[in-house]
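Residue-level listing of the chains:
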Amino acid sequence: MPLIKVKSSVSAPDRTIVESLLKNLSAKLAKHLGKPESYVMTAFESDIPMTFAGTFDPVCYVEIKSIGKMTSAQTKAMSEDFCQQIKDILGVSANRIYIEFADAQGYLWGWNNSTFG
């Protein structure tokens, strides 16, 4: 059930760019976590009024959630990978991106009329 949700103050790029970003994030998240991509969900929200360091310069907040335990090596690799991708595609500097990693317990995540735990 890995999830990656990107929220940004930038204006939405062309739909094909957003779709490409989400597909790429999906594949990379599955690879980083060693989980089937068939369970990965991605989301993108743009044009959100946000500040960082007291300014309205482009900013991004990313949530990554997964059932199980993410290691520090995994989160560091994902931070590097996803910050670079967001910078390349959305133009948000890596020092204006926060990523929140959250381990989820299976019984607290519902899907298909049940839970994962």
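Throughout what follows, the structure given in this document is the object of discussion. All of these numbers come straight from a predicted model, not from anything done at the bench.

Considering the pairing of strand β2 (residues 41–45)
Piece 1. Relative to β2, strand β1 (residues 3–8) runs parallel, the two being bridged by five bridges. The residue bridging Ile-4 from the neighbouring strand is Thr-42, located in β2.
Piece 2. Crossover handedness for the path β1 to helix α1 (residues 15–33) to β2: right-handed.

Details of the environment of Met-50
Piece 1. Residue position: Met-50 is located in the loop between β2 and β3 (60–67).
Piece 2. Judged by its relative accessible area of 17%, Met-50 is buried.
Piece 3. Sequence separation between Met-50 and Tyr-61 is 11 residues, and the spatial gap between their C-alpha atoms is 9.3 Å.
Piece 4. Not counting residues within four places of it along the chain, the set of residues in contact with Met-50 comprises Lys-7, Ser-8, Ser-9, Thr-55, Phe-56, Val-59, Cys-60 and Tyr-61.

Brief notes about the side chain of Ser-9
Piece 1. With respect to the helices, strands and loops of the structure, Ser-9 is situated in the loop between β1 and α1.
Piece 2. Polar contacts involving the side chain of Ser-9 include one to the main-chain amide nitrogen of Val-59, which spans 3.0 Å.
Piece 3. Among all residues touching Ser-9, those that are not within four sequence positions of it are Asp-47, Ile-48, Met-50, Asp-57, Pro-58 and Val-59.

Things to note about the packing of α1 against helix α2 (residues 72–90)
Piece 1. Close contact between α1 and α2 brings their axes to 11 Å; oriented N to C, the two are set at 170 degrees. Comparing the axis directions of α1 and α2 gives the class roughly antiparallel. Taken as a pair, α1 and α2 cross one another with a handedness that is right-handed. Residues Ile-17, Leu-21, Asn-24, Leu-25, Lys-28, Leu-29, His-32 and Leu-33 of α1 form the contact with α2, whose participating residues are Gln-74, Ala-77, Met-78, Asp-81, Phe-82, Gln-85 and Ile-89.
Piece 2. Across the contact of α1 with α2, the residue classes tally to nine nonpolar, four polar and two charged.

Quick notes on α1
Piece 1. Spanning 19 residues, α1 covers 27 Å between terminal C-alpha atoms, matching the ideal 27 Å at 1.5 Å per step.
Piece 2. Structurally, α1 contributes buried residues whose contacts are with β1, β2, β3 and α2.
Piece 3. Remark: Gly-34 follows α1 within two positions and exhibits a positive phi of approximately 65 degrees.

Parameters at a glance
- Residues numbered from 1 in each chain as written.
- Predicted model: local features only at pLDDT ≥ 70, side-chain atom pairs only at ≥ 80, totals over all residues.
- Heavy atoms only, no water.
- Pairing = 2+ DSSP bridges.
- Helix = DSSP H or I, 4+ residues; strand = E, 2+ residues; numbered from the N terminus.
- Right-handed = clockwise from strand over helix to strand, strands pointing away.
- Buried < 20%, exposed > 50% of the residue type's maximum accessible area, 1.4 Å probe, protein only.
- Contact = heavy atoms within 4.5 Å.
- Polar contact = N/O pair within 3.5 Å; in protein donor to acceptor, adjacent residues only side chain to side chain.
- Axes fitted to C-alpha atoms, helices over the stretch in contact; angles between N-to-C directions.
- Parallel < 35°, antiparallel > 145°, perpendicular 65-115°, else oblique.
- Left-handed = near helix turned anticlockwise from the far one by under 90°.
- Nonpolar A, V, L, I, M, F, W, Y, C, P; charged D, E, K, R; others polar.
- Expected span 1.5 Å × (residues − 1).

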